[in-house]
Amino acid sequence: MQQKVTFREEPDVFYETLKKRVEEYFVLSNRAKQANGFFFFKAFLLIGAYVTFYVVLLTTSHPQLAFWSMVLMGPFAILIGINVAHDAAHNSISSKPWLNKLFLHCFDLLGANSYMWKRRHVFSHHAFPNILNNDADLKQNPLVRIFPNDEVLPAHKYQFIYAPFLYMLYTINWLFFRDYQDFFQKRIGSLEMKKHRKWVIVKLIVFKLFYVSYILVLPLMFSNLSWGMVLLAFFTMNFMASLLITLALIPSHVAENSLFLLPDEKGVMPNSWSHHQVLSVIDFATSNWFLNFFFGGFNHHVAHHLFPAINHTHCTAITPIIKQTAQEFGLPYNHEDSFLNAYFSHFRLLRNNGVQPEV
C-alpha cells in the first residue's frame, strides 16, 4: 500500500502575507482573477490558426503547403493546450463553470482525454509536485529516471542520450496509449482511481474516434497528399508537438538543481504546502516576451503553483510579488534567466541520475 503523504503546518505567515498582497494587486488594479480580453484574443488566435491550417490542408492544391499545414497543427495544438485548456482545467478562465468546461473540451478535440488529464494534473501533480510515486506528471516512463531516489536501471546510464528520442514520442504515447492505460490503473501517482462512470468512457471513445477521423481519415480522402505523405506529416506533426511540450514543461520541475524532497517514515513532508511549492518549482526566462505570450504562464511556474485558480495572463504581474515576499521570509526564489540553459539543465539532471550504484 502506498504511503499517504501530508504536509506540515505553515511555519510562518508567508503564504498568508502573499495572498494578501496578491489580493491587493487585483483590487488596486481593478482586475478580475479570471481571464481578460487578452486571454480570449490569444485563445481565438491560436484556435483560429489551428483551424486555418486544417482548412488549408484539405483544400490546397499544393502538396508542400498541405504537408506543412498539417505539420504546424501539432505545435499549435500544444499552444492551445497550455494556453487555453490548461487554464480551463484549473477553472481560471471564468467564474462560470460551464465556460471552463467548454474550453476544457479543447483537450478532447485535440485528441487528449480532458477527464483523465485533469485528474492526473490537478489532483496528483499540483497536490504533490516533485514527490516520488506521488507526482504522476513527472514519472511516466521507467526508462527515464527523473527522481534521484528512484530505482536505477542499467539503461539509465545512457538516458541523457536516448531521452530526447523518447520525448519525440510524447504526444503519440499520450494520445494513443497513456489515455487508455490510465483508465485501467488503480492508482495514478497519489490519486486513487475509482470506478469510472459509463458516460466518461463513452466520451473517451467518441472523441478519440472523432480525432482519428479528422486528423487521418479526412486528409487521406480529401487532401492533395498521398497516404504516405499524410502519415509522414502526421508523425512529423507529433514530433514537433512533442518537442514543444517538453520545451514548456521540463525547465520548471526537472532541472539539474531541482529539489525532490521525500516524506519521513510517517509520510510527513519536511515543509508546509506553500514552502514546498516554492522550493520545488523553478521559474525561467520570465522577462522573455515571446515565452510570456506563447507559454501560457509555464515560465512563471511558481505563481501558477501557488495560485492555480488565477488565470495565467496575470502571472507576469504576480511573479515580482512572490519574489519579494519569498526573500522577506528567507525562502529561495528559483529562477533561471536563460531559457536554453534551463532546458539543457534537464539533460544534466538525467546524466547525474543515470550514475550506476557501486557494486
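Remember, predicted model here, so these are calculated numbers, not experimental data. (Residues numbered from 1 in each chain as written. Predicted model: local features only at pLDDT ≥ 70, side-chain atom pairs only at ≥ 80, totals over all residues. Heavy atoms only, no water.)

## Considerations on unusual backbone geometry
Here is the rule: Where helices and strands are cited, they refer to DSSP runs of H or I of at least four residues and of E of at least two residues respectively, numbered from the N terminus.
For Asn-130, which is not a glycine, the phi torsion comes out positive at approximately 65°. Positionally, Asn-130 belongs in the loop between helix H5 (114-125) and helix H6 (159-167). Of note, the phi angle at Ala-285 is positive, near 45°, even though the residue is not glycine. Here Ala-285 shows up in the loop between strand S5 (283-284) and helix H11 (289-294).

## Describing the packing of aromatic side chains
The condition is simple: Note on aromatic contacts: the rings of Phe and Tyr and the six-membered ring of Trp form a pair at centre separations within 6.5 Å, being stacked when their planes are under 30 degrees apart, edge-to-face when over 60 apart, and tilted otherwise. Each residue's exposure class comes from its accessible area (1.4 Å probe, protein chains only) as a fraction of the maximum for that residue type: buried when under 20%, exposed when over 50%, partly exposed otherwise. Here, a charge over a ring is recorded when the distance from Lys NZ or Arg CZ to the ring centre is within 6 Å and its angle to the ring normal is within 35 degrees.
Following the criterion strictly, the structure yields 32 aromatic pairs and no others. Relative to Trp-117, the ring of Phe-107 has its centre 4.6 Å away and its plane inclined at 40°; by these criteria the two rings are tilted. Here the residue Phe-107 occupies a position in helix H4 (residues 97-109), and Trp-117 occupies one in helix H5, the gap between them amounting to ten residues. As far as the burial class goes, Phe-107 and Trp-117 line up, both buried. Centroid distance Tyr-343 to Phe-344: 5.7 Å. Interplanar angle 70°. Geometry classified as edge-to-face. Taken together, Phe-38, Trp-289, Phe-290, Phe-293 and Phe-294 form an aromatic cluster joined through their ring pairs. Directly above the aromatic system of Phe-293 lies the positively charged group of Lys-42, at a separation of 5.2 Å from the ring centroid. Between Lys-208 and the ring centre of Tyr-180, over which it is positioned, the NZ or CZ distance is 5.6 Å.

## Quick notes on a nonpolar patch on the surface
To keep things clear, this is the line we draw: Only residues whose relative accessible area exceeds 30% and that form no salt bridge enter a patch; like-charged residues are grouped when within 9 Å of one another, and nonpolar side chains (Val, Leu, Ile, Met, Phe, Trp, Tyr) when within 5 Å. Here the Shrake-Rupley method, with its probe set to 1.4 Å, supplies the accessible areas, and only the displayed protein chains count as covering residues. Put simply, a salt bridge is a Lys or Arg side-chain nitrogen that is within 4 Å of an Asp or Glu carboxyl oxygen.
A cluster of nonpolar side chains, contributed by Val-217, Leu-220, Met-221, Phe-222, Trp-227, Leu-231 and Phe-235, occupies part of the molecular surface with about 730 Å² of accessible area. Elements that contribute at least two residues to the nonpolar patch include exactly helix H8 (198-222) and helix H9 (227-253). If you tally residues by element for the nonpolar patch, the top one is H8, at four residues.

## Brief notes about the side chain of Lys-203
The cut-off we apply is this: Contacts are assigned to residue pairs that have any heavy atoms within 4.5 Å of one another.
Here Lys-203 shows up in helix H8. What Lys-203 contacts, discounting residues up to four positions off in sequence, is His-105, Asp-108 and Ser-114.

## Comments concerning empty space enclosed by the protein
In plain terms, the rule: In this analysis, the protein atoms alone were mapped onto a 1 Å grid. Cavities are point sets where a 1.4 Å probe fits without being able to get out; pockets are open sets with protein on both sides within 12 Å along at least five of seven lines; lining residues have an atom within 4 Å of a point. Grid points are joined across faces, edges and corners, and a volume is the space filled by probe spheres set on the points. Each residue receives one of three labels: charged for Asp, Glu, Lys and Arg, nonpolar for Ala, Val, Leu, Ile, Met, Phe, Trp, Tyr, Cys and Pro, and polar for the others, Gly being one of them.
Evaluated as defined, the whole model comprises one cavity of 30 Å³ or more. If you add up the space inside the largest cavity, you get close to 30 Å³. Forming the boundary of the largest cavity are Asp-108, Gly-111, Ala-112, Asn-113, Lys-203, Leu-204, Phe-207 and Lys-208. Top contributing element to the lining of the largest cavity by residue count: H8, with four residues. In the lining of the largest cavity, the residues fall into three nonpolar, two polar and three charged.

## Digging into the pattern of salt bridges
All told, the structure shown has ten salt bridges when counted by the stated rule. Taking the shortest distance from any N to any O, the salt bridge between Lys-203 and Asp-108 comes out at 3.7 Å. Of this pair, Lys-203 sits in helix H8 while Asp-108 is found in helix H4, placing the two residues 95 residues apart along the sequence. With its nearest N and O atoms 3.0 Å apart, the salt bridge here joins Asp-182 to Arg-120.

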